[in-house]
Structure formats: C-alpha cells, structure tokens
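# Reading the structure
Chain by chain, the residues run as shown.
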Amino acid sequence: MRDELTGLPGAASAAAWFAQHCSGHIHAMLLGLHRFRTVNLAYGHAAGDSVLTEIARRIVDFSAEELDSEALVARVGGGEFLIATSASVSRERWQWLAEALTRRISRSLPMRGDVLHLVPRTALLRGLPGEDGAALIDRLDQAMGALQQQTGRRLLWADGSHRARGRSAARLEADLLGAMARDEIGLVFQPQYRVGDGALVGVEALARWDHPQLGRMGAETLFAIAERGDHIAQLSRHIAGKALSCAVPWRGLALSLNVTAEDLADDSFASDFRYLLQATAFPARQLTLEVTEHALVADFARSAAALAELAGLGVSIALDDFGTGYANFRTLKALPLDTIKLDGSMVRDVDSDPRDRAILTAIVAMARALGLKIVCEGVERESQLSVLQQEGCDTFQGFLRSGPISAAEVSALL
C-alpha cells in the first residue's frame, strides 16, 4: 500500500520488499525528522503535510540520481523515511550517501515568512545474509532510539559505530582535490528537445565521479564531500569550466548548469562565471543557469543581484523544480528569469488526470503572460508529450527520448 500524502510505499510495502530481497546483502537507512512535530504545532497540519511532501520529493530525486532503479524509498511513520538497496555497496559509500542525503534534506524550507532547516537523524545498517525484514527494521529502530538519546549526533550505524571503517573523511576530501587536479571528475549530459518538432536544442550538465575504491558518485555526494572541506566553490567552478569547454564545439546548442546555494552565497560567483565564459570562449547567450528557490532563500537580494549581473551578459536564468517548492510571484518578479522548469511530478499525470492538465494549462498561461519559456522534466510517454504540444510548452527532457549521455554521444547526435 502507498502512503496517501507522499505517494511513497508504506510500511507494509517496505516489509514485502525486504522479504523479497532478504537473500542478498541489503543496505538500509532510516531517516527521522525528530523536530517534525513542532512544525505541525507551529504552522498547522496542512503546512506539516506540505513539508513532508517536499522532503519525500527530495529523497525520491536523490534515490533516482544516486541509487539503482530497484532501490526502495518508503515512508514508514509520521516523519520517518526508509531507503534500502540490494545492490553491491560498500559500507563507506553507504555512509557518504547518507550524509549527502542529509545535506539535501537540510536545505532551506520557506514557511509562511520563516525559513526552516529540518536536519534528519539517520540510522544505517548492512543486513546479514538471510536476515528477515522484521529483524532489519528492529535493528534500525533500536539505532534510531539510541540516536534520539545522543545530543548533537546525527548518524549511527546499527552496530553502534559512528563512522565507517577504512577511508577517512579527510582522505576522501584529499581524493576529491586530487581528482579535480587530474581532471577525473566526469560529466554526463541530459539532452533537451523542442516540444514542437523533437529537435535537440540543449543539454543539462551533470557531474559524476568514479572513485577507484567507492565506485560512482553523483553530484550530491560530490558536494557533500566538498562541503566537509569547504571546497564547494572550487568544485562548482571546476564542473562549470569543464562543461563549458566540452560544449564549445556544439555550435548553437544550449548548455544548462545547476547553481547551488553555496554558489550564490559566494561574493565572487558572478565574476568567476564571467571569467569562465571568457576563458572558454563559450557564448553567454547559449548558457542557462538553473537555480531552485531553495538556493535563493539564504540571501534573496544578493542572489538576485548576482543573477542579474550575469543576465546582463546574455546568460539565461531558469527557475528549476517549479511546482514542487514555494515559488511565488515575488520570485518570478524579482529574478531576471527567462525560463521556468517544471519538475517531473508536474508532468507525470497530465495525460490521465484532468486536474493535473488544468494546472499545466494555468502555468503555461502565466508563463506566456510573463514572457517565460517552459521546460518540462521527466517526460516518459508519447501521450505526455502530446499534451505538452497541445498546451504549447517549449522544451522537454526525459527517458522518452534519452537519459543522460556522454559528451561523445552528444556530438554523435549533432
């Protein structure tokens, strides 16, 4: 059964998943929002429900980016979520994934003029061969109970340890710096197609790191490691410079780069990007910076000013994940936006649910009135694309046409 609020599998479905996979080495983590009850008390249950929905979305997005497609994401209690996989994962990597997911969940949550930061506590385990689901969940519950009694501790393995054995955090930070120096951080590109005729019009750059011991790491894990050593600005500029250099030969093809809250908080953000554009000779008019409202919350005025400076050079600005956060008319008015990018959840049922289609119609009308283009994520069916064509959306991306591909494959498509 699925949870009605978040659409995720519930506790019964999680138990069934464990029963199906108990013959393998299961890795699981239980995340608990121990301050969630105060959100309901302070803002009401409707506001609490919206927070849970947003947290669930962040977890699902993280799982899609960092884990295998068979991984389990479930809501097992009021403010508790369970993530599990039967794929081969080292103990160290599982811990880094937990820390990266904590980083994503902890991002700002605007709430009626306030800004919330809900930092989860996380219990982790590696299941024993043949251990059943009830035993696994019991061990996670015990570890979570122990965490609740320890002030200041955010993560605990179910065997009582606090850190994964082996590669230390400092060693991994050094590995990351070395990987940047040796140009080992890889990129893949998510193609973007014109809705009207299916022509390839752009790509979104996504970072990947194939660590020799820990395996592939996505962008969120990369930035969680970088955050430990205060290297986020360096990592972000490295990825941007590499993506711009890769895209120079793709004449006329737009390139989208994601912008983090840490980027916008850096006083040299705009000047660094101006330098990167000059150094790579990439046309500013072909670059789009994608920013979420969550990244803007810390200092909206400074963020808007930095983005406006880059917009003055011809760079396009897109508001990412539209429809999932708390975007309001102040955001649309104050930022130099060219594009709103609809989250995949806004597109998922437009071909089957009249209410979802009505919402899409309203968003398109608003965007047209404001002179904004619309990019739709997560398009997987021809029937979805048909609706986007009828409604007049501009661009789409998703597995209907292509998942992320290499730079060589982009060149081949062109």
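Treat the numbers as computed from the prediction; the structure is a model and nothing was measured.

The rules behind the values
Residues numbered from 1 in each chain as written. Predicted model: local features only at pLDDT ≥ 70, side-chain atom pairs only at ≥ 80, totals over all residues. Heavy atoms only, no water. Helix = DSSP H or I, 4+ residues; strand = E, 2+ residues; numbered from the N terminus. Buried < 20%, exposed > 50% of the residue type's maximum accessible area, 1.4 Å probe, protein only. Pairing = 2+ DSSP bridges. Axes fitted to C-alpha atoms, helices over the stretch in contact; angles between N-to-C directions. Salt bridge = Lys/Arg side-chain N within 4 Å of Asp/Glu carboxyl O. Core = buried A, V, L, I, M, F, W, Y, C linked by side-chain atoms within 4.5 Å. Contact = heavy atoms within 4.5 Å. Parallel < 35°, antiparallel > 145°, perpendicular 65-115°, else oblique. Left-handed = near helix turned anticlockwise from the far one by under 90°. Nonpolar A, V, L, I, M, F, W, Y, C, P; charged D, E, K, R; others polar.

Of note, the phi angle at D183 is positive, near 60°, even though the residue is not glycine. Topologically, D183 is positioned in the loop between α6 (169–181) and β8 (186–194). Look at A281: it is not a glycine, yet its phi comes out positive at around 60°. Tracing the backbone through its elements, the reader meets A281 in the loop between α10 (269–280) and β12 (287–291). What makes A281 exposed here is its relative accessible area of 58%.

Strand order in the open sheet made by the five strands is β2-β3-β1-β6-β7, with mixed pairing throughout. This sheet does not close on itself; its edge strands, each paired only once, are β2 (72–75) and β7 (155–157). Direction aside, the axes of adjacent strands within the sheet are offset by 15° on average. Note: strand β6 (residues 121–126) against β7, three bridges, orientation parallel.

Inspection of every chain in the model, using the stated rule, returns 26 salt bridges. The salt bridge partner of D267 is R302, with a shortest N-O separation of 2.7 Å. Note that D267 is positioned in the loop between α9 (261–265) and α10 and R302 in helix α12 (residues 300–311), a separation of 35 residues in sequence. Take D267: its relative accessible area is 66%, and that puts it in the exposed class. Assessed through its relative accessible area of 34%, R302 is described here as partly exposed. The network of salt bridges with shared partners includes E54, R57, R58, D61, D321 and D343.

Quick look at the nonpolar core now. Grouped together as the largest cluster of nonpolar side chains are 79 residues, with contacts concentrated most on L255, L287, L289 and I340. Non-local contacts of L289, meaning those with residues more than four positions away in its chain, are made with L257, V259, F269, F273, L310, V315, S316, I317 and A318. Counting 34 residues, the second largest nonpolar core, distinct from the first, contains L33, L52, F62 and L124.

It is worth spelling out the environment of A270 at this point. Within the secondary structure, A270 sits in helix α10. Separated by 36 residues in the primary sequence, A270 and A306 place their C-alpha atoms 5.6 Å from one another. Excluding residues within four positions of it along the chain, A270 makes contact with A306, E309 and L310.

The interhelical angle for the contact between helix α8 (residues 232–247) and α10, taken along N-to-C directions, is 30°, at an axis separation of 10 Å. It follows that α8 is roughly parallel to α10 by the angle criterion. Of the two possible hands of crossing, α8 and α10 adopt the one that is right-handed. Facing R237, A240, G241, L244 and S245 of α8, the residues of α10 in contact are F269, D272, F273, L276, L277 and T280. Among the residues forming the contact of α8 with α10, the class breakdown is six nonpolar, three polar and two charged.

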